[in-house]
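Coordinate inspection notes
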Amino acid sequence: MLYFFITFGVFSLVIFAMAIGYIVQRKSISGSCGGLGSIGVEKACDCPDPCDNRKKKMAKEEARRKMLEENRII
């Protein structure tokens, strides 16, 4: 049980320190590498043509969007 309290205390101190850092800097937490955009990749799959499964999914999303647009009440 002692290990639990020590671990809980350490995590609490880390969270408290992060909160103080946020309050002082007013800067949101962000990744360090910048993601795929920083290396020039515009999308997760950087292929010129989407695969068949992706094309089906895109067609399904487009059909759903059209249906919602046509049946819009307001």
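Every value quoted in this text rests on a predicted model; they were computed, and no experiment measured them.

1. Here's the deal with the overall build of the chain
In terms of regular secondary structure, the chain is built from two helices and zero strands. Residues classed as buried in the chain amount to 1% of the 74 residues present. Summed over all atoms, the accessible surface of the chain reaches about 7,500 Å², with 65% contributed by carbon and sulfur.

2. A word on helix α1 (residues 2-25)
Given a rise of 1.5 Å per residue, 24 residues ought to cover 34 Å, and the 35 Å separating the end C-alpha atoms of α1 matches this to within 8%. In terms of burial, α1 is largely open, as just zero of its 24 residues are buried. Downstream of α1 by a residue or two, R26 has a phi angle that is positive, lying close to 55°.

3. Side note on the packing of aromatic side chains
Going through the model one piece at a time under the given rule, you end up with two aromatic pairs. Ring geometry for F4 and F5: centres 5.6 Å apart, planes at 65°, overall edge-to-face. The interplanar angle of 20° and the centroid separation of 6.2 Å between the aromatic rings of F4 and F8 together place this pair among those described as stacked. Taken together, the residues span about one helical turn, with F4 and F8 both in helix α1 at a distance of four residues. By the burial criterion, F4 is exposed, and F8 matches it. Among the aromatic residues, those joined into a ring-pair cluster are F4, F5 and F8.

4. Description of a nonpolar patch on the surface
Taken together, the side chains of L2, I6, V10, V14 and M18 present a nonpolar region at the surface, about 480 Å² in accessible area. Turning to its location among the elements, L2 is positioned in helix α1.

5. Remarks on the pattern of salt bridges
Evaluation of the coordinates by the stated rule reveals two salt bridges. Residues E69 and R65 are paired through a salt bridge, measuring 2.9 Å at the closest nitrogen-oxygen approach. Of this pair, E69 and R65 both sit in helix α2 (residues 52-70), four residues apart, roughly one helical turn. Look at R65 and you get partly exposed, because its relative accessible area is 41%. Via salt bridges that share partners, E62, R65 and E69 belong to a single interconnected network.

Analysis parameters
- Every residue gets a number counted from 1 within its own chain, in the order that chain's sequence is written.
- Reporting of local features is limited, given that this is a predicted model, to residues whose pLDDT is at least 70; pairs of side-chain atoms are given and counted only at 80 or more, and all residues count toward the totals for whole chains, interfaces and linings.
- Side-chain figures throughout are based on the complete set of non-hydrogen atoms in the structure, without hydrogens or water.
- Labels follow the DSSP assignment, with helices taken as runs of H or I lasting at least four residues and strands as runs of E lasting at least two, numbered in each case from the N terminus.
- Relative accessible area decides the class of each residue, using a 1.4 Å probe on protein chains only: under 20% of the type maximum gives buried, over 50% gives exposed, and in between gives partly exposed.
- To be clear on the numbers: accessible area is Shrake-Rupley with a 1.4 Å probe, and residue cover counts the displayed protein chains and nothing else.
- Each helix should span, by expectation, one fewer than its residue count multiplied by 1.5 Å.
- Under the pairing criterion, centres of Phe, Tyr and Trp rings, with the six-membered ring standing for Trp, must be within 6.5 Å; the plane angle then separates stacked pairs below 30 degrees from edge-to-face pairs above 60, leaving the rest tilted.
- Here a patch means residues that are over 30% exposed by relative accessible area and free of salt bridges, tied together within 9 Å if like-charged and within 5 Å if nonpolar (Val, Leu, Ile, Met, Phe, Trp, Tyr).
- By convention in these notes, a salt bridge is any Lys or Arg side-chain nitrogen within 4 Å of a carboxyl oxygen on Asp or Glu.

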